Amino acid sequence: MSGIKVLQTAQEQLKQVSEKLGIDEGLCKVIALPKRQLRVNFPIIFDNGELEVFEGYRVQHNSCRGPTKGGIRFHPDVDMEETTALAMWMTWKCAVANIPYGGAKGSVKVDTKRFSKRELEKITRRFTNEISILIGEREDIPAPDVGTNAQVMSWIMDTASMQKGYTVPGIVTGKPIALGGSEGRVEATGRGVIVAAEEAAKEKNISLHGAKVVVQGFGNVGGVAAKLAQDHGATVVGVSDARGGVYNPKGLDIYDLYYKYAGRDGGIQNYKDAEKVTNSELLELDCDILIPAALSNQIDENNADRIKAKMIVEGANGPTTPSADRILNDKGVLIVPDILANSGGVVVSYFEWVQDLAHFFWEENEVNNKLSRIMKQSLAGVVHMMHEHKCDMRTAALMIAVHRVAEATKLRGIFP
Ligand code: NAD
């Protein structure tokens, strides 16, 4: 989907939900538009002496509920419109979880595969410098996204600290523990997905213990979610990565797959006690709970009808297209939407920021327990809204989020 289409989808969603909530037109205009959009062009001289100019963006959607928060993406296809839509979705994600942030997003048009580590460091540091007029530990706090990681966050933190003359750990989250990162952050999104799955399953009279689960994507989110599903007594019958999947109706040994096959030569496809399946076959396997945790737009109008799962828990961002959503809702499939299901990552990012500001760090148990409590509270609120308005879970989650942002905007009033 082009950036413009992504933004149109985000704005259309907001329009529909605002109408349902009866939000007046003026207020609707305020929350529909990003508060700030910064476009930067910056030069880098590479190891071979050549110069290239890069384009990057930082968008702050809404800051009525607190500082803005959102990842930085390094990818050749990013644009201002997509970055704006992603910032808006971050506003809703933070509001559903009821953490005191608005949404933001940043991106640089760059194919990271073309550059050395030193060159990526230069790109990161120069981009940080360019957007330093917007970011700050009290203003706008970046995090990792597609193409960026804990190392990139360390460079951002260091660059901002050099500018200030003292260490500013709270300016980014997703940092290594050694630089003020949080225990439990790496596993947070997958852990949150499983808490959401377990709670939402009650709506379908399914117990995670004994449920048949399929997970698409075996990386940070999918790998952790699959392991925790197995820990909770689920039978994980299928998992996949970019190369394809494996299926055993009696269940796979996820720990074996995770520690002995994933990331090694041949990958999970080398696992013996299973049948090989393609990624599209995997999505259509017989199961109770399907967890797409890889890419967006995986379930669309072409395969939605063949999905057999009773529930879909969106670990990835945007794995289900709006048209697939309609088909699945008509079939009675319960979809736990991304802004709720994968919010564990931003919740523990919030914990990381709180710890950095307090210079006082928590043990992993404390992080996990607090995460679990927030996920359960968010889920309960969304389920309540879903029943009250007889709508699907995505609409209910958006209604809660938009209501919270609209209420905060109204209470603050319009300056001057
Ligand atoms: P990752 O890079 O660690 O893992 C991605 C996995 O998907 C890998 O196993 C990869 O092989 C697999 N994959 C790639 N292409 C595939 C394909 N065509 N079919 C099946 N599998 C494929 O990424 P991640 O951090 O686990 O993120 C996964 C998704 O979750 C993304 O949509 C991301 O935006 C979303 N998400 C991540 C976080 C987080 O904290 N990591 C938070 C919120 C949302």
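In what follows, the structure referred to is the one given above.
Presented here is an overview of the structure given in this document.

**Looking at the packing of aromatic side chains**
Argument step 1. This model, assessed by the stated rule, comprises 14 aromatic pairs.
Argument step 2. Note on F351 and W362: the rings are 5.2 Å apart at their centroids and 50° apart in plane angle, and the pair reads as tilted. One end of the pair, F351, is in helix α12 (residues 344-358); the other, W362, is in the loop between α12 and α13 (364-388), with 11 residues separating them in the sequence.
Argument step 3. Judged by relative accessible area, W362 falls into the buried class, the value being 15%.
Argument step 4. Grouping aromatic residues by their ring pairs yields a cluster made of F42, F46, F54, F115 and F127.
Argument step 5. The ring of Y258 has K227 lying over it, and the distance from NZ or CZ to the ring centre is 4.0 Å.
Argument step 6. Directly above the ring of W362 sits K370, whose terminal nitrogen or CZ lies 4.6 Å from the centroid.

**Structural notes on the site of the ligand**
Argument step 1. Surrounding the ligand, one finds 19 residues, the nearest of these being T189, N220, V221, A242 and N279.
Argument step 2. Residue F218 places a main-chain N or O atom 3.0 Å away from an oxygen atom belonging to the ligand.
Argument step 3. Contact between the ligand and A294: an oxygen atom at 3.1 Å from a main-chain N or O atom of the residue.
Argument step 4. Alone, the ligand offers 830 Å² of accessible surface; in the complex the protein occludes 69% of this.
Argument step 5. Looking at the shell around the ligand, its residues break down into 7 nonpolar, 10 polar and 2 charged.

**Brief notes about the side chain of T91**
Argument step 1. If you trace the backbone, T91 turns up in helix α3 (residues 80-97).
Argument step 2. Each residue touching T91, except ones within four places of it in the same chain, is listed here: H61, N62, G102, G103 and V405.

**A word on the pairing of strand β2 (residues 51-60)**
Where a strand is regular, its side chains alternate between the two sheet faces.
Argument step 1. Where strand β1 (residues 36-45) lies against β2, 10 bridges are found, and the strand directions are antiparallel. By the bridge assignment, R39 is partnered in β2 with Y57.
Argument step 2. Where β1 folds back on β2, the antiparallel hairpin that results is connected by 5 residues, among which G49 adopts a positive phi of roughly 90°.
Argument step 3. Relative to strand β4 (residues 102-108), β2 runs antiparallel, the two sharing 5 bridges. If you follow V59 over to β4, its bridge partner there is K105.

**Some details on the pairing of strand β7 (residues 235-241)**
Argument step 1. Of all 7 residues making up β7, 6 are buried, and the element is well covered by its neighbours.
Argument step 2. Across 5 bridges, strand β6 (residues 212-216) lies against β7 in parallel orientation. Looking at the pairing, V215 lines up with V239 of β7.
Argument step 3. A crossover connection joins β6 to the parallel β7 through helix α7 (residues 220-231); in handedness this β-α-β unit is right-handed.
Argument step 4. Judged from the 4 bridges that link them, β7 and strand β8 (residues 244-247) form a sheet pairing that is antiparallel. The residue bridging G238 from the neighbouring strand is Y247, located in β8.

**Quick word on a nonpolar patch on the surface**
Argument step 1. On the surface, I45, L51 and V53 cluster together into a nonpolar patch covering about 290 Å² of accessible area.
Argument step 2. Relative to the helices and strands, I45 resides in strand β1.
Argument step 3. I45 gets classed as partly exposed once you look at its relative accessible area, which sits at 45%.

**Quick word on the pattern of salt bridges**
Argument step 1. Following the criterion strictly, the structure yields 23 salt bridges and no others.
Argument step 2. For the salt bridge of E55 with R39, the shortest nitrogen-to-oxygen distance reads 3.1 Å. Taken together, the residues span a long stretch of sequence, with E55 in strand β2 and R39 in strand β1 at a distance of 16 residues.
Argument step 3. In this structure E55 comes out as partly exposed when scored by relative accessible area, which is 24%.
Argument step 4. On the basis of relative accessibility, which here comes to 47%, the residue R39 falls in the partly exposed class.
Argument step 5. For R125, the salt bridge goes to D158, with nearest N and O atoms at 2.9 Å. Of the two residues, R125 is situated in helix α4 (residues 117-130) and D158 in helix α5 (residues 150-164); the sequence distance between them amounts to 33 residues.
Argument step 6. Since its relative accessible area comes to 26%, D158 is described here as partly exposed.
Argument step 7. Counted as one network, the salt bridges with shared partners bring together R73, E82, K105 and D145.

Analysis parameters
Residues numbered from 1 in each chain as written. Predicted model: local features only at pLDDT ≥ 70, side-chain atom pairs only at ≥ 80, totals over all residues. Heavy atoms only, no water. Phe/Tyr/Trp six-rings, centres within 6.5 Å; stacked < 30°, edge-to-face > 60°. Helix = DSSP H or I, 4+ residues; strand = E, 2+ residues; numbered from the N terminus. Buried < 20%, exposed > 50% of the residue type's maximum accessible area, 1.4 Å probe, protein only. Lys NZ or Arg CZ within 6 Å of the ring centre and 35° of its normal. Near = heavy atom within 4 Å. Polar contact = N/O pair within 3.5 Å; in protein donor to acceptor, adjacent residues only side chain to side chain. Areas by Shrake-Rupley, 256 points an atom, 1.4 Å probe, with all protein chains shown as cover. Nonpolar A, V, L, I, M, F, W, Y, C, P; charged D, E, K, R; others polar. Contact = heavy atoms within 4.5 Å. Pairing = 2+ DSSP bridges. Right-handed = clockwise from strand over helix to strand, strands pointing away. Patch = residues over 30% accessible without salt bridge, like charges linked within 9 Å, V, L, I, M, F, W, Y side chains within 5 Å. Salt bridge = Lys/Arg side-chain N within 4 Å of Asp/Glu carboxyl O.

Read these as spatial facts, not as claims about activity.
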